[in-house]
Amino acid sequence: MKLLNLGLDLLLHVLYFIEALRDVLAFCSSTHVTLPALTLLYAWPRGNLTAKGRQAFTAALSASRLCMINLSGNRIGPSSGALIADALKAQKSKLTILRLVGNQLQNEGTVRICDAVHSNKETKLATLDISNNNVTTMSAKPVASMIAVTTSLTSLNVSHNNIQGSGKAFGKALKTNSSIKELIMRSCELDCEDGKDLAGGIAVSTSLTSLNVSGKNVLEPHHLKGSGNAFGEALKSNNSIKELKMQYCQLDVEDGKGLAAGLAVSASLTSLNLARNSLGETGYVNISEVQGTSFNKGDKVMYQGRELIISRGKDRDGEIKMSDPCGVAAIADALGVSTSLTSLKLDENNIQGCGEAFGEALKSNSSLKNLEMYNCDLSAKDGKGLAVGLAVNTSLTSLDIRFNSLQEEGETAIREAIKNKDGFELKM
């Protein structure tokens, strides 16, 4: 039977024991399927494809009907990246999805691929994933230049590459590109200036709907502290952004205030992830700047004319952190007037003392469906304040408040508030 005439997509799993991609050609020949008939090609991770196989593949690519290629995890290296780049220059290429995750492309291979896409005025490439390829800031301009002129590109993932200092180039590209919808820059060593430059691009972008600038984890965060106001200003003027992810970005109280200002007026944002930041506490402060008799967690002290509660007790350097609800309270106020937001994640921020503010927000908000406050140091008083809003809110269907200190008093108030809400998902 000639599969070529069936008009069906062929998903090819090239397992680790296949010596080279030339064996793909042999397989196609034995089953009467020629390379031009293939539309999907997936090479299994750890394939360790040989040079001859890669050359056979790239030589056939320009003449094929391949629309999706996934070579992730095959360690093809920069030289093979250059071979793929040569194939991408072909005017006849129908490729729309190219995934090259974890292939050690480095700067050489990445630049060649991006330059190839840039130079092909007829490219149909819509999705490009070059995450985790040992790319550095040196490649930022070629990648950004590709974004700026590639009108078919809708999704780009450059995560897990050390491209600190690339915000200016990417921000500039976002100002001119009118097709890209999703940009993922997770764990890229971004800093405050990168954040501000990216926000400048978002402010005028007419196509971007999703941005992920989250850090990797608590040990490898993004250092976006100080960029919250810029992102808030971007949210005020952008009418397309729907999802913003900023986990592990070291955002502080002032960043929370800045983001809140944008959230309050945004008509497009539906999902905001600010988990695992420091939105509700000060940075480290030496006890010499604080008035108090003891400096353990939970103690009250005076700092800059305000009474605050210590959230992290005195360390060996004589420094403490204190709960400061101003930033999170501003976010709660913004939620109260937001008409578009459906999901808000604040997990692992110290937001003790803000339960009442969020309760008030829930009284007036009619769009939010999911609220996550996992491990946020919420107290029994916070639980009762939140319950007041829960009781009258008509939109919320899911609430995660696990690992807090609500005690029986706070938990009872929340259960009572949702007892008549059929299908409500409570994690507590």
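Residues numbered from 1 in each chain as written. Predicted model: local features only at pLDDT ≥ 70, side-chain atom pairs only at ≥ 80, totals over all residues. Heavy atoms only, no water.

S.K.: What exactly am I supposed to notice about the overall build of the protein here?
M.R.: Secondary structure assignment for the protein yields 13 helices and 18 strands. By residue count, 53% of the 428 residues in the protein fall in the buried class. Within the protein, contacts between residues at least 6 apart in sequence are counted, and of these 83% link residues at least 24 apart. (Helix = DSSP H or I, 4+ residues; strand = E, 2+ residues; numbered from the N terminus. Buried < 20%, exposed > 50% of the residue type's maximum accessible area, 1.4 Å probe, protein only. Contact = heavy atoms within 4.5 Å.)

S.K.: What am I meant to see in the sheet that holds strand 11 (residues 285-286) here?
M.R.: Through backbone hydrogen bonds, the strands of a sheet pair up, either in parallel or in antiparallel fashion. With respect to topology, four strands assemble into an open sheet ordered 11-14-13-12, the strand pairing being antiparallel. With one partner strand each, in any of the chains shown, strand 11 and strand 12 (300-303) form the two edges of the open sheet. Both strand 13 (residues 306-312) and strand 14 (residues 319-323) contribute to a ladder of three bridges, which runs antiparallel. Across the sheet, R312 pairs through a bridge with K321, a residue of strand 14. (Pairing = 2+ DSSP bridges.)

S.K.: What exactly am I supposed to notice about a positive patch on the surface here?
M.R.: A contiguous patch of positive charge on the surface is contributed by K141, K168, K172 and K175. At three residues, helix 6 (residues 167-176) tops the list of elements feeding residues into the positive patch. Its location among the elements puts K141 in helix 5 (residues 140-149). (Patch = residues over 30% accessible without salt bridge, like charges linked within 9 Å, V, L, I, M, F, W, Y side chains within 5 Å. Areas by Shrake-Rupley, 256 points an atom, 1.4 Å probe, with all protein chains shown as cover. Salt bridge = Lys/Arg side-chain N within 4 Å of Asp/Glu carboxyl O. Lys, Arg positive; Asp, Glu negative; His and termini not counted. Charge placed at Lys NZ, Arg CZ, Asp CG, Glu CD.)

S.K.: Hey, could you run me through helix 7 (residues 192-204) in this one?
M.R.: Within an α-helix, residues lying three or four positions from one another point in the same direction, as the helix has 3.6 residues per turn. Spanning 13 residues, helix 7 covers 19 Å between terminal C-alpha atoms, matching the ideal 18 Å at 1.5 Å per step. Taken residue by residue, helix 7 has C192, D194, G195, L198, A199, G201 and I202 as its buried positions. The N-terminus of helix 7 is capped by D191, whose side-chain oxygen sits 3.2 Å from the backbone nitrogen of E193. (Expected span 1.5 Å × (residues − 1). Polar contact = N/O pair within 3.5 Å; in protein donor to acceptor, adjacent residues only side chain to side chain.)

S.K.: Quick question: what am I supposed to make of the environment of L399 here?
M.R.: Here L399 lies in strand 17 (residues 398-400). Sequence separation between L399 and M373 is 26 residues, and the spatial gap between their C-alpha atoms is 7.7 Å. Residue contacts for L399: discarding those within four places in its chain leaves L371, L386, L390, I414, F424, E425, L426 and K427.

S.K.: Could you clarify how one ought to interpret helix 12 (residues 380-392) in this entry?
M.R.: Restricting attention to buried positions, one finds in helix 12 the residues A380, D382, G383, G385, L386, A387, G389 and L390. The inward-facing, buried residues of helix 12 abut helix 11 (355-364), strand 17 and helix 13 (407-418).

S.K.: Any chance you could explain the pattern of salt bridges here in plain terms?
M.R.: Should their charged atoms come close, side chains of opposite charge can pair. Overall, the coordinates contain 17 salt bridges when judged by the stated rule. One salt bridge connects D86 with R112, and the closest N-O pair in it is separated by 3.4 Å. Of this pair, D86 sits in helix 3 (residues 77-88) while R112 sits in helix 4 (residues 106-119), and the two are 26 residues apart along the sequence. A salt bridge links E281 to K321; the shortest N-O distance between them is 3.9 Å. Of this pair, E281 sits in the loop between strand 10 (271-273) and strand 11 while K321 sits in strand 14; the two residues are 40 residues apart in sequence, bridging distant segments of the chain. We classify E281 as buried; its relative accessible area is 5%. One network of salt bridges, with partners in common, ties together E281, R312 and K321.

S.K.: Could you clarify how one ought to interpret the pairing of strand 12 in this entry?
M.R.: A regular strand places its side chains on the two faces of the sheet in alternate fashion. Taking every second residue as pointing to the same face, the buried face of strand 12 carries V301 and Y303, while none of K300 and M302 on the other face is buried. Inspection of the sheet shows strand 12 paired to strand 13 by four bridges, in the antiparallel sense. Opposite K300, over in strand 13, you have I309 as the bridge partner. In sequence, strand 12 turns back onto strand 13 through a hairpin of two residues, with Q304 there showing a positive phi of about 55°.

S.K.: Whenever I open this one, the packing of helix 3 against helix 4 confuses me. Can you help?
M.R.: Angle between the axes and distance between the axes: these two values describe a pair of packed helices. Running from N to C, helix 3 and helix 4 cross one another at 5°; their axes reach a closest spacing of 8 Å. Classified by the interaxial angle, the pair formed by helix 3 and helix 4 is roughly parallel. Of helix 4, the residues touching helix 3 (which contributes P78, G81, A82, A85, D86 and L88) are Q106, E108, G109, R112, I113, A116 and V117. Taken together, the residues of the contact of helix 3 with helix 4 break down into seven nonpolar, three polar and three charged. (Axes fitted to C-alpha atoms, helices over the stretch in contact; angles between N-to-C directions. Parallel < 35°, antiparallel > 145°, perpendicular 65-115°, else oblique. Nonpolar A, V, L, I, M, F, W, Y, C, P; charged D, E, K, R; others polar.)

S.K.: I'm lost on the nonpolar core in this one. Help?
M.R.: The nonpolar side chains of a soluble globular protein tend to be buried with one another. The biggest cluster of nonpolar side chains holds 88 residues, and the ones touching the most others in it are L156, F170, M185, M246, L344, F358 and M373. Apart from the residues lying within four places of it in its own chain, the contact partners of M246 are V213, S214, L224, F231, L251, L259, N273, L274, A275 and N277. (Core = buried A, V, L, I, M, F, W, Y, C linked by side-chain atoms within 4.5 Å.)

S.K.: I'm lost on the pairing of strand 14 in this one. Help?
M.R.: The element strand 14 is extensively covered by neighbouring structure, given that four of its five residues are classed as buried. Pairing geometry for strand 11 and strand 14, over two bridges, is antiparallel. For V285, the partnering residue across the bridge sits in strand 14 and is I320. Adjacent in sequence and paired antiparallel, strand 13 and strand 14 are bridged by six residues, among which G318 carries a positive phi angle near 75°.

S.K.: What's the story with unusual backbone geometry in this structure? I'm lost.
M.R.: The residue Q106 is not glycine, and still its phi comes out positive at about 55°. Within the secondary structure, Q106 sits in helix 4. A relative accessible area of 38% places Q106 in the partly exposed class. Its identity is not glycine, yet Q407 carries a phi of approximately 60°, on the positive side. Of the residues examined, Q407 reaches a relative accessible area of 54% and is grouped as exposed.

S.K.: I would appreciate a short explanation of the layout of surface pockets in the present structure.
M.R.: With a probe scaled to a water molecule rolled over the atoms, the places where space remains empty come into view. Its volume calculated, the largest pocket comes out at about 580 Å³. For the largest pocket, the lining is made up of 24 residues, of which N277, S278, E281, R312 and K321 are closest to its centre. Taken together, the residues of the lining of the largest pocket sort by class into five nonpolar, 10 polar and nine charged. Its boundaries defined by the atoms lining it, the second largest pocket holds a volume of some 220 Å³. When grouped by side-chain class, the residues that make up the lining of the second largest pocket number five nonpolar, four polar and three charged. (1 Å grid on protein atoms, 1.4 Å probe; cavity = no way out; pocket = protein on both sides within 12 Å on 5 of 7 lines; lining within 4 Å. Points joined across faces, edges and corners; volume = space filled by probe spheres on them.)

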